[in-house]
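Structure assessment
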Amino acid sequence: MVRSAHALLAVLILPGFLLAQEAPRTHQVVDGDTLWDLANAFYGNPFDWRRIWNANQGVVDNPNLILPGQVLTIPGVEGGPTPTPVTAVVVEGPPAAPPAPRAAPRSTRTIFYRDPTTATTMAGAERLSHVAVSRDQVYSAPWLVPLEGEPMHEAVLTSFAGGSRSETPRAYDRVVLEPRGTSLRVGDQLRAYRVTRTVRDVGDVVLPTGLLTVTDVGPEGVVALVTKEYHRMALGDLVGPLPPYGLRVGQLPEPVAGGSQAMVMGFAGPAELHDLGGMAFLDVGADQGVAVGDEFAYFNAQAGDIIEGRLQVVMVTPRMATARIVDIDDAVFEQGVVVRMTRKMP
């Protein structure tokens, strides 16, 4: 009888004990927190930011606006001590004043503003008969590869053909390619590229340097003609096929409601402020239905219907997209901000 009572007591108490042990932890937002940084702190992967956002839809309306004092649920993480920020600094002294309220949207334009009636922005582009993204914009767009991984390639640019004395391959130079397990044929069109920098915790930036056409496959090896330069080529550049391109003149993106969200993972260049023409990397790609020519917008954090910046996709891989800044009112684009698709290619 005593054993039965103990067993019954365990049945009643144990589930509550387990639930207490397995309860998801929470995090109180402090100034400077972003979903990108929180996902990196709790999951070790900033790309998991959607897990936190989806679990806090009742608290966070705009993923760009999490406010100090908000308490967020961190799904999949049991209660315990909060991960210690790497850059945390303890300063002795009186308690800090509460954070000041965020400023209301400015009524004046900054030096970044471009009038859409005079600039070739996406708003004005609809009135023009042109291609949404040019072939060269696709071929010259940088992209990301996993950290410490080498970009896929079919050959390496090893030397000059014909004994050129130039220090770097230039347009119409003939160069020798060393195939890497792939048979190259006369007429093949190729692209040269190399890794230029690393976006911390995200990937390595691959920068296209130019285009090549194979002109000869013989005793000297595979010889190609440099047909276009995007950046300064160098011996040792990797060489691979051109990305697909199928856009037509007059084919323009169309407005969509409730478009998908994407987060800016980083930028092709090292600049702290990113202006018109800058290249940003988004954490969505072809696997999520993103295509070249799609457009994303950054909305004002306080007034959600005001667009402060626009991006146009110029290259996609299965899991990421490269997007060009085509319109901007202020320096709003930085790592961790969330943008929403507003126009989709048909």
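As a reminder, the structure under discussion sits directly above these lines.
Attention here is on the structure that accompanies the text. Note that the structure is predicted; figures quoted are calculated from it, not measured. Throughout, residues of each chain are indexed from 1 in the direction in which the sequence is written. In keeping with the predicted nature of the model, local features appear solely for residues at pLDDT of at least 70, side-chain atom pairs appear and are counted solely at 80 or more, and the whole-chain, interface and lining totals rest on all residues. Water and hydrogen atoms play no part in the side-chain values, which are based on all heavy atoms of the structure.

1. Things to note about the nonpolar core
Rules: Only buried residues count toward a nonpolar core. Its members are Ala, Val, Leu, Ile, Met, Phe, Trp, Tyr and Cys residues joined through side-chain atoms within 4.5 Å. Exposure is judged per residue with a 1.4 Å probe applied to protein chains only, and the accessible area is read against the type maximum: over 50% gives exposed, under 20% gives buried, and values in between give partly exposed. Helix numbering and strand numbering both begin at the N terminus, where a helix is a DSSP run of H or I of at least 4 residues and a strand a DSSP run of E of at least 2. Contacts were defined at the residue level, with two residues in contact if any of their heavy atoms lie within 4.5 Å.
Of all hydrophobic cores here, the largest spans 47 residues; its most connected members are Leu35, Ile52, Leu144 and Leu247. Take this core: its biggest share by element is six residues, from helix 2 (residues 35-43). The contacts of Leu247, once residues within four sequence positions are left out, are Val131, Ala132, Val133, Val292 and Met345.

2. Section: the environment of Trp36
Relative to the elements of secondary structure, Trp36 occurs in helix 2. Judged by its relative accessible area of 4%, Trp36 falls in the buried class. With 10 residues separating them along the chain, Trp36 and Pro46 place their C-alpha atoms 5.0 Å apart. What Trp36 contacts, discounting residues up to four positions off in sequence, is Pro46, Phe47, Trp49, Val202, Met263, Met265, Gln335 and Gly336.

3. Let's talk about the pattern of salt bridges
How we decide: Salt bridges, as used here, are contacts in which a Lys or Arg side-chain nitrogen is within 4 Å of a carboxyl oxygen on Asp or Glu.
Taken as a whole and assessed by the stated rule, the structure comprises nine salt bridges. For the salt bridge of Lys228 with Asp136, the shortest nitrogen-to-oxygen distance reads 2.8 Å. Residue Lys228 is located in strand 8 (residues 221-229), and its partner Asp136 is located in helix 5 (residues 135-139); the two are separated by 92 residues in the primary sequence. Classification of Lys228 by relative accessible area gives partly exposed; the value is 31%. Note that Glu178 and Arg180 form a salt bridge whose closest N and O atoms lie 3.3 Å from each other. With a relative accessible area of 41%, Arg180 lands in the partly exposed category.

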